[in-house]
Amino acid sequence: MHSYVRAKYGIYLDTSSDSDEEEKALLIFTQLYLDERLRIIRQPIPKEVQTRSVIARDRVWLDAKMMNDYFTPGTGYTSRKFKQRLGMSEDLFEKLLGKLLEVDPEGHQRPDATGTTGHFPHMKLVAVMKCLCKSTPAGSVDDYTRTDVQRLLAENADRGFPGMLGSVDCMQWPWKNCTVAWQGTYRGKDKESSFVLEAVASYDLWFWHAFSGMPGSNNDLNVLAHSPLFDNMLKGVAPPCNYVINGHQYNMVYFLADGIYPKLTTIVQAFSQTLDIPDFVRFNKYQMAKRKDVERAFGVLHGKFRIVGSLCKYWHQSELNLIMKCCLILHNIIIEHCQFRHTE
């Protein structure tokens with residue numbers, strides 16, 4: 001060890017006389033070794049090794065520009081343009097943002113891990129709405145998709161269908177980035193991967209039931225077999241309903257559907273053969289007209305949120321379910337807000 005210290009650092013230690021010299025030699029060697037290691041660690045990293053680059057984003061200027069474009073009267077988008085770009089009016093946007101900040105404190109403006117101040121809450125929600133409404137690259141719904149059953153029953157009775165809650169149907173959402181191993185399972189009728197949304201909608205385009213996530217290879221009948229649509233009826237907690245048709249008393253609600261659905265007391269379909277009987281022909285005409293409610297709702301959903309009307313570019317099915325759930329909830333919020341404004 002002494003020869004190594006003498007050769008490495010040019011220091012001669014005489015340890016032949018005393019053991020203290022041996023201890024001193026060990027201390028000096030340890031200190032010299034640590035100094036050399038720290039010198040190596042503290043050396044500047046060559047530029048070619050620094051592969052991570054930091055992009056300077058002027059968040060303050062971008063937030064100010066966004067606030068000027070969207071939320072400053074007379075200087076940016078008009079109310080009509082605002083609704084076209086973000087799918088809702090300004091007052092509803094502010095109301096929704098306030099509720100989100102109450103639920104999720106992370107939405108507030110705060111510094112990130114590097115100490116840089118983050119975006120305004122308005123910017124975060126604007127970015128989300130642009131992704132949903134404009135399809136900008138970037139399960140069952142909860143209580144907000146449930147509506148007043150008694151109001152629905154009364155309105156549908158005025159339309160000629162007492163006891164009807166709405167019309168049920170399915171739509172497919174194309175999935176571009178479906179995993180290769182799953183493409184056979186998720187391949188739908190258009191020979192492309194997709195997943196299915198089952199929904200019940202009323203005449204005012206309100207979605208009060210939705211079930212998503214089934215592979216596109218399943219038809220409407222298979223989706224219904226896995227759907228929780230009739231769970232409340234089976235548990236005996238369905239909403240009370242009493243009505244009379246042709247002198248018969250009924251106490252169970254029903255849905256309008258097309259011919260692929262099974263013949264159940266809770267699903268009313270058109271007659272497959274009318275035999276030119278006037279009553280049958282008239283019933284089919286009314287049934288098919290009222291059954292279009294859910295298809296109209298799907299069309300409005302596609303027009304308002306283009307992300308669900310175009311190829312989905314996300315990778316995980318859980319993300320697709322969350323996006324669909326978010327769009328349905330926002331759709332119902334907008335419908336409710338428009339109805340409230342019309343009744344004022």
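Let me begin by describing the structure that accompanies this report. Just so it is clear, the model here is predicted, and its values are computed rather than measured.

What counts, and at which threshold
Residues numbered from 1 in each chain as written. Predicted model: local features only at pLDDT ≥ 70, side-chain atom pairs only at ≥ 80, totals over all residues. Heavy atoms only, no water. Buried < 20%, exposed > 50% of the residue type's maximum accessible area, 1.4 Å probe, protein only. Helix = DSSP H or I, 4+ residues; strand = E, 2+ residues; numbered from the N terminus. Pairing = 2+ DSSP bridges. Salt bridge = Lys/Arg side-chain N within 4 Å of Asp/Glu carboxyl O. 1 Å grid on protein atoms, 1.4 Å probe; cavity = no way out; pocket = protein on both sides within 12 Å on 5 of 7 lines; lining within 4 Å. Points joined across faces, edges and corners; volume = space filled by probe spheres on them. Nonpolar A, V, L, I, M, F, W, Y, C, P; charged D, E, K, R; others polar. Phe/Tyr/Trp six-rings, centres within 6.5 Å; stacked < 30°, edge-to-face > 60°. Expected span 1.5 Å × (residues − 1). Bend = angle between axes of the 7 residues up to and from the residue. Core = buried A, V, L, I, M, F, W, Y, C linked by side-chain atoms within 4.5 Å. Contact = heavy atoms within 4.5 Å. Polar contact = N/O pair within 3.5 Å; in protein donor to acceptor, adjacent residues only side chain to side chain.

Observations regarding unusual backbone geometry
Line of reasoning, step 1. Residue Leu-205 is not a glycine yet carries a positive backbone phi of 70 degrees.
Line of reasoning, step 2. Classification of Leu-205 as buried rests on a relative accessible area of 13%.

So, the pairing of strand β2 (residues 194–201)
Line of reasoning, step 1. Burial runs high along β2: 8 of the 8 residues are buried.
Line of reasoning, step 2. Sheet analysis places strand β1 (residues 164–174) next to β2, joined by 8 bridges and oriented antiparallel. Paired with Val-168 across the strands is Val-200, a residue of β2.
Line of reasoning, step 3. Direction of pairing for β2 relative to strand β3 (residues 207–215): antiparallel, over a ladder of 7 bridges.

Let's talk about the pattern of salt bridges
Line of reasoning, step 1. Within this structure, the stated rule accounts for 5 salt bridges.
Line of reasoning, step 2. Here Arg-159 and Asp-293 are joined by a salt bridge, their closest N and O atoms 3.1 Å apart. Placement of Arg-159 in the loop between α7 (149–158) and β1 and of Asp-293 in helix α11 (residues 278–304) is noted, with a sequence separation of 134 residues between them.
Line of reasoning, step 3. One salt-bridge network, in which partners are shared between bridges, spans Arg-159, Asp-293 and Arg-296.

A short note on the layout of surface pockets
Line of reasoning, step 1. Looking at the largest pocket, its volume works out to about 780 Å³.
Line of reasoning, step 2. Around the largest pocket sit 24 residues that line it, and Leu-96, Lys-99, Leu-100, Leu-330 and Ile-333 are the ones nearest its centre.
Line of reasoning, step 3. Elements with a contribution of two residues or more to the lining of the largest pocket: α5 (90–103), α6 (121–134) and α12 (317–343).
Line of reasoning, step 4. The element best represented in the lining of the largest pocket is α5, accounting for 8 residues.
Line of reasoning, step 5. Classifying every residue of the lining of the largest pocket gives 16 nonpolar, 2 polar and 6 charged.
Line of reasoning, step 6. Quantified by volume, the second largest pocket comes out at close to 510 Å³.

A short note on the environment of Gly-160
Line of reasoning, step 1. Along the chain, the position of Gly-160 falls in the loop between α7 and β1.
Line of reasoning, step 2. Measuring from C-alpha to C-alpha, the distance between Gly-160 and Tyr-286 comes to 8.4 Å, with 126 residues separating the pair along the chain.

Focus on the pairing of β1
Line of reasoning, step 1. Burial analysis of β1 places 10 of its 11 residues in the buried class, which makes it a mostly covered element.
Line of reasoning, step 2. Pairing analysis gives 3 bridges linking β1 to strand β6 (residues 254–256), with the strands arranged parallel. Bridge pairing in β6 links Gly-166 to Phe-255.

Focus: the packing of aromatic side chains
Line of reasoning, step 1. Tallied over the entire structure, the rule returns 10 aromatic pairs.
Line of reasoning, step 2. The interplanar angle of 25 degrees and the centroid separation of 6.0 Å between the aromatic rings of Trp-208 and Phe-255 together place this pair among those described as stacked. Here Trp-208 is found in strand β3, whereas its partner Phe-255 is found in strand β6, with 47 residues between them in sequence.
Line of reasoning, step 3. Relative accessible area serves as the criterion here: at 18%, Trp-208 is assigned to the buried category.
Line of reasoning, step 4. On the accessibility criterion, Phe-255 (1% relative accessible area) is buried.
Line of reasoning, step 5. Note on Phe-230 and Phe-255: the rings are 6.0 Å apart at their centroids and 50 degrees apart in plane angle, and the pair reads as tilted.

A closer look at α11
Line of reasoning, step 1. With 27 residues, α11 extends 40 Å from end C-alpha to end C-alpha; this agrees with the ideal 39 Å at 1.5 Å per step.
Line of reasoning, step 2. The axis of α11 is deflected most strongly, by about 30 degrees, at Asp-293.
Line of reasoning, step 3. Listed in full, the buried residues belonging to α11 are Asn-284, Gln-287, Lys-290, Arg-291, Asp-293, Val-294, Ala-297, Phe-298, Leu-301 and Lys-304.

Thoughts on the nonpolar core
Line of reasoning, step 1. The biggest cluster of nonpolar side chains holds 75 residues, and the ones touching the most others in it are Phe-93, Met-129, Trp-173 and Phe-305.
Line of reasoning, step 2. Sort the elements by how many residues they give to this core and α12 lands first, with 10 residues.
Line of reasoning, step 3. Excluding residues that lie within four positions of it along the chain, Phe-305 makes contacts with Met-129, Leu-132, Cys-133, Cys-327, Leu-330, His-331 and Ile-334.

Focus: the side chain of Gln-269
Line of reasoning, step 1. Mapped onto the elements, Gln-269 comes out in the loop between β7 (267–268) and α11.
Line of reasoning, step 2. Judged by its relative accessible area of 13%, Gln-269 is buried.
Line of reasoning, step 3. In this structure the side chain of Gln-269 is engaged in a polar contact, spanning 3.2 Å, whose partner is the backbone oxygen of Asp-258.
Line of reasoning, step 4. Polar side-chain contacts of Gln-269 include one of 2.3 Å to the backbone oxygen of Tyr-261.
Line of reasoning, step 5. Contact partners of Gln-269, with chain neighbours within four places excluded, come to Ala-257, Asp-258, Gly-259, Tyr-261, Pro-262, Lys-263, Phe-283 and Gln-287.

These figures come from the coordinates and say nothing about function on their own.
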